[in-house]
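Read off the chains here:
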Amino acid sequence: MLKASIKPREDLETGLIGYRFRYHDRDAAGADDRDFARELNLYADWMVTERFFVSAIYAVAFPGEGADERFMGNDHTAQLFEVFASYSF
């Protein structure tokens, strides 16, 4: 995992997180190649008030050769957008 972030304001943090997923045990995974996927996440965390927090993330994962082998050619790029909100009483 590699992470870089900036905090342009006291109530806001944005950043990028990169992941590299590899098989620990190729035999158990049913793949010859250890490279499963690489993922890049772009996120923002905003503390709207002292009690209200909002977080959003956009993630994209690029399958590697190990994923292609394991899932028999299903090597489609996966994308996710998620928003999380929390309010403390």
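The text that follows walks through the structure, step by step, so that each part is easy to find. Note that the structure is a prediction, hence the values are computed from the model and not measured. Throughout, residues of each chain are indexed from 1 in the direction in which the sequence is written. Whole-chain, interface and lining totals are the exception, using all residues; otherwise, since this is a predicted model, local features are given only for residues with pLDDT of at least 70 and side-chain atom pairs are given and counted only at 80 or more. The basis for every side-chain value is the complete set of non-hydrogen atoms in the structure, without hydrogens or water.

## Points about the overall build of the chain
Across its full length, the chain holds two helices and five strands. Secondary structure counts use DSSP, requiring at least four H or I residues in a row for a helix and at least two E residues in a row for a strand, with both numbered from the N terminus. Mapped in sequence order, the helices and strands of the chain form the string β-β-α-β-β-α-β. The size measure is the radius of gyration over C-alpha atoms, and the globule rule it meets is 2.2 Å times the number of residues to the 0.38 power. The C-alpha radius of gyration computed for the chain amounts to 17 Å, which surpasses the reference 12 Å derived for 89 residues by more than 25%, pointing to a less compact arrangement than a globule. Taken along the three principal axes of its C-alpha coordinates, the chain extends 50 × 25 × 20 Å. Any residue under 20% of the maximum accessible area for its type is buried, any over 50% is exposed, and the rest in between are partly exposed; the area is computed with a 1.4 Å probe on protein chains only. Of all 89 residues assigned to the chain, the portion counted as buried reaches 20%. Per-residue and other accessible areas follow the Shrake-Rupley method at a 1.4 Å probe size, with only the shown protein chains counted as cover for residues. Accessible area of the chain: about 6,700 Å², with a carbon and sulfur share of 56%. In the chain, 10 positive and 16 negative side-chain charges are present, and the distance between their average locations comes to 5 Å. By the counting rule applied here, Lys and Arg register as positive and Asp and Glu as negative, while His and the ends of each chain are not counted. The atoms used to mark charge sites are NZ of Lys, CZ of Arg, CG of Asp and CD of Glu.

## Some details on the environment of Ser86
Its location among the elements puts Ser86 in strand S5 (residues 78-87). With a relative accessible area of 28%, Ser86 lands in the partly exposed category. Sequence separation of Ser86 and Met47 is 39 residues, and the distance between their C-alpha atoms is 9.6 Å. The contact criterion used is simple: two residues touch if any of their non-hydrogen atoms lie within 4.5 Å. Contact partners of Ser86, with chain neighbours within four places excluded, come to Arg51, Phe52 and Phe53.

## Description of a negative patch on the surface
Together, Asp25, Asp27, Asp32, Glu65, Glu69 and Asp75 line one region of the surface with negative charge. If you trace the backbone, Asp75 turns up in the loop between helix H2 (65-70) and S5. What goes into a patch is any residue over 30% in relative accessible area without a salt bridge, connected to like charges within 9 Å or, for nonpolar side chains (Val, Leu, Ile, Met, Phe, Trp, Tyr), within 5 Å. Any Lys or Arg side-chain nitrogen found within 4 Å of a carboxyl oxygen on Asp or Glu counts as a salt bridge.

## A closer look at the sheet that holds strand S3 (residues 35-47)
When DSSP finds two or more bridges between a pair of strands, those strands are recorded as paired. With antiparallel pairing, the five strands of this open sheet are ordered in space as S1-S2-S3-S4-S5. Each edge of the open sheet is held by one strand with a lone partner, namely strand S1 (2-9) and S5. The sheet shows a mean angle of 15° between the axes of neighbouring strands, taken without regard to direction. As paired elements, S1 and strand S2 (residues 12-22) share six bridges and run antiparallel to each other. Pairing of Ser5 across the sheet is with Gly15, part of S2. Here an angle of 0 to 180 degrees is reported between the N-to-C directions of two axes, which are lines fitted to C-alpha atoms, with helices fitted over the stretch in contact.

## Some details on the side chain of Asn41
In this fold, Asn41 is placed in strand S3. Using a relative accessible area of 5% as the deciding quantity, one classes Asn41 as buried. Whenever a nitrogen or oxygen atom comes within 3.5 Å of another N or O atom, the pair is scored as a polar contact, on the condition that within protein one atom can donate a hydrogen and the other can accept it, and that pairs from neighbouring residues in sequence are kept only if both atoms are in side chains. Side-chain polar atoms of Asn41 contact the side chain of Glu39, separated by 3.2 Å.

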